[in-house]
Amino acid sequence: MAENQTEEKMDIKSEGNGGQGDAAESEASQAKQPDTAETKPQVKKEKETELEKYWKPVKENPGDFTGWTYLLQFVEQENDIESARQAYDAFLARYPYCYGYWKKYADLEKRQGDLKKSVEIFEKGAKAVPLSSELWLHYINFYIKEFINEDETRKLYERAITAAGTDFRSDKLWDNYINWEKERDLRRVTTLYDRLFRIPTQLYSHHFDNFKKHVLNHHPREILSLDEFFKLRTEVVKETDGPLIPEGDDAPPPGDEPPPGMEPSTDKGDAEEAMKVREKILNLREVAFKQNEEEVSKRWAYEEGIKRPYFHVKPLERSQLKNWREYLDYEIQNGTHERVVVLFERCMIAAALYEDFWLKYARYLEEHFTNLKKAGSDAEAGSVKFHPLDEGGLEAVRNVYKRACNVHLPKKPYIHMAWAAFEERQGKHGDAWRILTNLEETLPGMVMVAMRRISLERRIGDRDKTEMLFQEYITKSTDLSVRAFYVIKYARYLFKVLGDEVRAKKIIFEALEKDPKNEKLYIQLLDIEYQKHPVDVNSALDIFSKALENEELSVHTKIKMSQRRLEFLEDFGSSIVQLKECYDEHQKLIKDMQSEKKRKISDPAIDTEPAEKKVKTNGAAEQPVSDYSAYWSQYQTAAGYSYPATWSGYAQQYYNS
């Protein structure tokens, strides 16, 4: 009845305003709808724009660690799981050793209710930083809280101990595992302590004290395996000339067995026997403890020197780097392979951005597995035959190079070239080629990378590819000195490997047309002449003449070339007249240089210093000199073109006497 009255009132109200109420509500609703529809995309667009602003710095510079932290803070507070996943995946691919961010990522997934995804994140983190006891403990605590499965939890603890338990600072992980087992299986606790006493750790003494409490607070039968318990009890009984039984009125006559249920109390004898067994337990473990204590003392100074065991983008102090190097050398010399690997992995966390430590690690593993292969081979004693690594050794070394080159040091050339050389030694020429090609794409224009690619093709025996690369680099070079470097290398290859003198000299003369001031090109032409058998004197003198007649060369350079010509004629010339003429020309060049020096003194505006002697002050080198300067040094002395400064004095005495 009431409902009908209400409906009637509503109808009357509608009719009374002529339906204008419904119309007004409809219009208001329609007026508000566009605002809502426009507002949501607008807010979303603003958030996307803000997110892009946080992404921009790290995309432009992936090494901007602070920029990454700002990005992660932003995505966490925005509650956008897809954006957060994208940011965390990108960050952890770049900085996998930041164990705290693996936990943050897993917690983020947990808050979304995706426990399976959290487990996946923890698994990835444990694989990326297997030595992180902290990350393992976070993972285990998460697993215990979310999943009630004793067997799987124990397996997880075992994985953690296997991965990180040999770390000098893994005490917290061991304590956590032992305390967890105390509530479940005391015998397993004893087994864990036995394993721990063989591992040098920071709190080794603390663990032995806890073990003493464990032994004294429980009956030996509860904490030992049956085999060990009966063995130790037998020893105790033999030492006391028989079982410990109580004395007094309760003791049964010898040979008489009491009826069932009437056995005398043996608490006192059992307590004495148990105490003696405990003493044996502790004495046996103390031997291992003392040995472990000695190992700890050997490493204590090195461990004390480690001030930053975690990863950070900030540089390590020199004292820290020195300590790591000395510690590694000590462990390689005195430790087991397992301990050496663990120490290297610890070092790689702290020194992940240092190329020399990765190289040291890779070299150690390659040498270790090579020695194992040699020891297991049937090769003759004293043989120098190369032994390629087996699959296990190959993957171990390759894994180090992959982590270094693909994750931590993508723009460091030496580690990449070492990796390529390793693959080539193992006969994996295709892998070596890919490594060098990728490096060149990352660091274009590096001469030493280009030469490694060329040398790889030459060693394989692909002459067409070798020449093609030489020609490609010569054509692409915009810096004349770099171009000359490739030309000289190419000419040497043509002349000394292919035996093609004509083409070798041709490419040098072509280079001189574009770079007539380059003294090194003339020296390479002379080197070709020196390598001929027999030496062609006229051909060599023709090159000397072209250099001395070249107006682009400075007086200083011409004097050096003139000295070389005199030396050449002394060794190979057949005409004393010709030698005297060249000597006179040389003296004239010296006088010209002295005259220019006098004019420079009288008029400072005159600058006769050779361009190659000047220090560049514009600060804009077109090519990094360090890439090829080492190569140039060999041309200065390799062909024997070093002459004494007093050569002219010697010549005066010789010719004017």
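Quick notes on the rules
- Residues numbered from 1 in each chain as written.
- Predicted model: local features only at pLDDT ≥ 70, side-chain atom pairs only at ≥ 80, totals over all residues.
- Heavy atoms only, no water.
- Helix = DSSP H or I, 4+ residues; strand = E, 2+ residues; numbered from the N terminus.
- Contact = heavy atoms within 4.5 Å.
- Areas by Shrake-Rupley, 256 points an atom, 1.4 Å probe, with all protein chains shown as cover.
- Axes fitted to C-alpha atoms, helices over the stretch in contact; angles between N-to-C directions.
- Parallel < 35°, antiparallel > 145°, perpendicular 65-115°, else oblique.
- Left-handed = near helix turned anticlockwise from the far one by under 90°.
- Nonpolar A, V, L, I, M, F, W, Y, C, P; charged D, E, K, R; others polar.
- Salt bridge = Lys/Arg side-chain N within 4 Å of Asp/Glu carboxyl O.
- Buried < 20%, exposed > 50% of the residue type's maximum accessible area, 1.4 Å probe, protein only.

Peer 1: What is the right way to read the overall build of the protein from this model?
Peer 2: Per the secondary structure count, the protein includes 30 helices and zero strands. Counting only contacts in the protein whose residues sit at least 6 apart along the sequence, the fraction spanning at least 24 positions is 60%. Per element, the accessible surface of the protein, about 37900 Å² overall, is 50% carbon and sulfur.

Peer 1: In this structure, what is going on with the packing of helix α15 (residues 318–334) against helix α16 (residues 337–350)? I would like to understand it.
Peer 2: In helix packing, the relevant descriptors are the interaxial angle and the interaxial distance, both defined with respect to the helix axes. It is at 9 Å that the axes of α15 and α16 come closest, and there the two elements cross at 165°. If you check the angle between α15 and α16, you find them roughly antiparallel. The crossing of α15 and α16 is left-handed. Contacts between α15 and α16 involve W324, Y327, L328, E331 and I332 on the former and, on the latter, R339, V340, L343, F344, R346, C347 and A350. Broken down by class, the residue content of the contact of α15 with α16 amounts to nine nonpolar, no polar and three charged.

Peer 1: Sorry, what's going on with the pattern of salt bridges here?
Peer 2: Side chains that carry opposite charge are capable of pairing whenever their charged atoms lie near each other. A full pass over the atoms with the stated rule returns 52 salt bridges. Put simply, K110 and E146 hold a salt bridge, and the shortest N to O gap is 3.3 Å. Placement of K110 in helix α5 (residues 99–111) and of E146 in helix α7 (residues 133–146) is noted, with a sequence separation of 36 residues between them. Owing to a relative accessible area of 28%, K110 belongs among the partly exposed residues under this scheme. Taking the shortest distance from any N to any O, the salt bridge between K117 and E120 comes out at 3.8 Å. On the criterion of helical spacing, the pair formed by K117 and E120 is a turn pair, its members being three residues apart in helix α6 (residues 115–128). By relative accessible area, E120 is classed as partly exposed at 34%. Several salt bridges share partner residues, and in doing so they unite E150, D151, R154, E181, E183 and R184 into one network.

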